[in-house]
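Residue-level structural notes
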Amino acid sequence: MTMKVDEKNETKNRSFEEIGRIERKEYDRLKRRAIKFESNNRKYILVIPCDGEMGWCEMSEHSALIYKYMVCLPLGVPVTMTDDFDSFYIQYDIGRIRTRGFDVVRSRLEKVGLYKKEQIKDKCMIFELKKALTEEELDRIKNEESIRQLAVNSIVKVDFIDPALYQKLIEVSTRLHRICYRRMDKLSSATNGERMVNIMDEVIRTYYKMAECGRNRPEDLLPYWREMRQTIHQLLIELQIVAGLKLWTRENCMKVGENVLDIEKRIDRQIKRGTDRSRK
């Protein structure tokens with residue numbers, strides 16, 4: 001889903017009152033829309049209202065990353081990206097940033113020279129940047145934020161071999177726990193769902209075993225990578241069964257399936273790296 005900016009409807013200094021009061025159901029709807037929009041976003045900061053009267057609003061996912069790393073940090077402004085575990089059914093994968101009103105966001109964009117124009121669309125404020133981030137730039141700040149979140153959330157001190165991969169593992173595991181126990185019938189949840197959740201937990205368990213070994217030579221970590229590769233392939237088979245039996249919606253199947261395939265490719269690259277090193 002793409003939210004396009006209407007160039008005929010641009011103006012500055014829009015007030016929060018223009019958007020009006022927002023109820024919880026409406027916030028959930030806007031949040032779902034934002035999640036879809038952010039999957040391919042590299043040029044906008046999408047801000048949605050998140051309370052009824054107090055004027056708070058939030059940015060999420062790519063918008064939040066751009067705002068934090070391309071706007072606030074260069075200005076020396078402290079800002080924190082947080083999880084949204086208070087919302088069980090609709091959760092951001094990367095996180096969110098909340099702020100009071102839209103004026104602060106606009107002002108900071110102007111100070112760093114990124115502001116181009118804005119518009120209100122379906123109760124959302126959309127700030128367009130003067131230029132889009134490249135895929136490489138977006139991947140860089142994603143990886144930086146992943147490392148930060150790992151450091152914050154780590155209970156046991158380990159050396160994270162591949163922070164971007166670990167973040168993807170956590171995203172898939174969180175989604176599986178949510179879907180398998182809340183959006184399947186009881187029989188499917190207790191069988192297909194439980195198997196998938198256990199498989200994903202096992203993949204993360206193997207990652208932690210490897211991480212505790214520290215940054216050994218790539219070839220020394222090959223057994224762990226191969227074990228993870230075999231386990232993640234089992235998950236792909238389980239997903240194929242779920243898709244064939246139509247136990248999930250098509251959207252859920254595609255979303256989880258694409259992420260698991262991405263994990264498999266990342267593991268394959270690590271295996272190739274270790275194999276190449278062992279041959280030298």
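These notes cover the structure that comes with them. (Residues numbered from 1 in each chain as written. Predicted model: local features only at pLDDT ≥ 70, side-chain atom pairs only at ≥ 80, totals over all residues. Heavy atoms only, no water.)

**Regarding the overall build of the protein chain**
Definition in use: Going along the chain from the N terminus, every DSSP run of H or I of four or more residues is numbered as a helix, and every run of E of two or more is numbered as a strand. Think of it in three bands: residues with accessible area under 20% of the maximum for their type are buried, residues over 50% are exposed, and the middle band is partly exposed, with areas taken using a 1.4 Å probe on protein chains only. Residue contacts are counted whenever heavy atoms from the two residues lie within 4.5 Å of one another. Surface exposure here means Shrake-Rupley accessible area, sampled with a 1.4 Å probe, where a residue is shielded only by the protein chains that are shown.
Scanning the protein chain for helices and strands turns up eight helices and five strands. Secondary structure elements in the protein chain, listed N-terminal to C-terminal, are α-β-β-α-β-α-β-β-α-α-α-α-α. Residue burial in the protein chain is summarised as follows: out of 280 residues, 49% are buried. Looking at the protein chain alone, contacts between residues at least 24 apart form 70% of all its contacts between residues at least 6 apart. Total accessible area on the protein chain stands at roughly 14,800 Å², and carbon and sulfur atoms take up 49% of it.

**Re the packing of aromatic side chains**
The cut-off we apply is this: Pairs were defined over the aromatic rings of Phe, Tyr and Trp, the Trp ring being its six-membered one, requiring ring centres within 6.5 Å. Orientation was assigned from the angle between planes: stacked under 30 degrees, edge-to-face over 60, tilted for the rest.
Under the counting rule described, the total for this entry stands at four aromatic pairs. Taking the centre distance of 5.3 Å and the plane angle of 35 degrees together, the rings of Tyr166 and Tyr207 count as tilted. Remark: Tyr207 occurs in helix α6 (residues 186-212) and Tyr166 occurs in helix α5 (residues 163-182); sequence separation between them is 41 residues. Aromatic side chains Tyr166 and Tyr208 sit 5.6 Å apart centroid to centroid with 75 degrees between the ring planes, which places their arrangement in the edge-to-face category. With Tyr166 in helix α5 and Tyr208 in helix α6, the pair connects residues that are 42 residues apart, well separated along the chain. Judged by relative accessible area, Tyr166 falls into the buried class, the value being 8%.

**Quick notes on α6**
What counts, and what does not: Here a helix's expected span is defined as the number of its residues, less one, multiplied by 1.5 Å. Throughout, the bend at a residue refers to the angle made by two axes, fitted to the seven residues ending there and to the seven starting there.
Counted at 1.5 Å a residue, the expected span for α6 with its 27 residues is 39 Å, and the 37 Å between its end C-alpha atoms agrees. The largest bend in α6 comes to about 35 degrees, at Gly193.

**Describing the side chain of Glu61**
Selection rule: Working convention for charge: Lys and Arg count positive, Asp and Glu count negative, and His plus the chain ends are omitted. Salt-bridge detection follows one rule: a side-chain nitrogen of Lys or Arg within 4 Å of a carboxyl oxygen of Asp or Glu.
You can see Glu61 is positioned in helix α2 (residues 61-75). This buried residue, Glu61, is left without a salt bridge; Arg175 holds the nearest opposite charge, at 6.8 Å.

**Let's talk about the environment of Leu46**
Here Leu46 lies in strand β1 (residues 44-49). You can call Leu46 buried: its relative accessible area is 2%. In the structure, Leu46 is positioned 81 residues away from Phe127 in sequence and 6.4 Å away in space, judged by C-alpha atoms.

**Some details on the pattern of salt bridges**
Side chains that carry opposite charge are capable of pairing whenever their charged atoms lie near each other. A complete count under the given rule lists 23 salt bridges for this structure. Here Asp122 makes a salt bridge to Arg29, at a shortest N to O gap of 2.8 Å. In this pair, Asp122 sits in the loop between β4 (115-121) and β5 (124-129) while Arg29 sits in helix α1 (residues 24-38), placing the two residues 93 residues apart along the sequence. Arg266 is the partner of Asp262 in a salt bridge, and the nearest nitrogen-oxygen pair spans 3.1 Å.

**Notes on the pairing of β5**
The following threshold applies: A pair of strands is labelled paired if DSSP reports no fewer than 2 bridges between them.
Counted residue by residue, β5 has six buried out of six residues, so it is predominantly covered. What you see with β5 is no split at all: Cys124, Ile126 and Glu128 on one side and Met125, Phe127 and Leu129 on the other are buried throughout. Here β1 pairs with β5 via four bridges, running antiparallel. Bridge assignment links Tyr44 to a residue of β5, and that residue is Glu128.

**Concerning the packing of α5 against α6**
We count it as follows: Angles here are taken between N-to-C directions and fall from 0 to 180 degrees, while the axes themselves are lines fitted to C-alpha atoms, restricted in helices to the stretch in contact. Oblique is the label for any angle not under 35 degrees, not over 145, and not in the 65 to 115 range, which are roughly parallel, roughly antiparallel and roughly perpendicular in turn. Handedness of each helix crossing follows the sense of rotation of the near helix against the far helix: counterclockwise by less than a right angle gives left-handed, clockwise gives right-handed. For this scheme, ten residues count as nonpolar: Ala, Val, Leu, Ile, Met, Phe, Trp, Tyr, Cys and Pro. Four count as charged, namely Asp, Glu, Lys and Arg, and the remainder, Gly too, count as polar.
Close contact between α5 and α6 brings their axes to 10 Å; oriented N to C, the two are set at 160 degrees. The orientation of α5 with respect to α6, classified from their angle, is roughly antiparallel. For α5 against α6, the interelement crossing comes out left-handed. The residues of α6 that touch α5, namely those facing Pro163, Leu165, Tyr166, Leu169, Ile170, Val172, Ser173, Leu176, His177, Cys180 and Tyr181, are Ser189, Gly193, Glu194, Met196, Val197, Met200, Asp201, Val203, Ile204, Tyr207 and Tyr208. Grouping the amino acids of the contact of α5 with α6 by side-chain chemistry returns 16 nonpolar, four polar and two charged.

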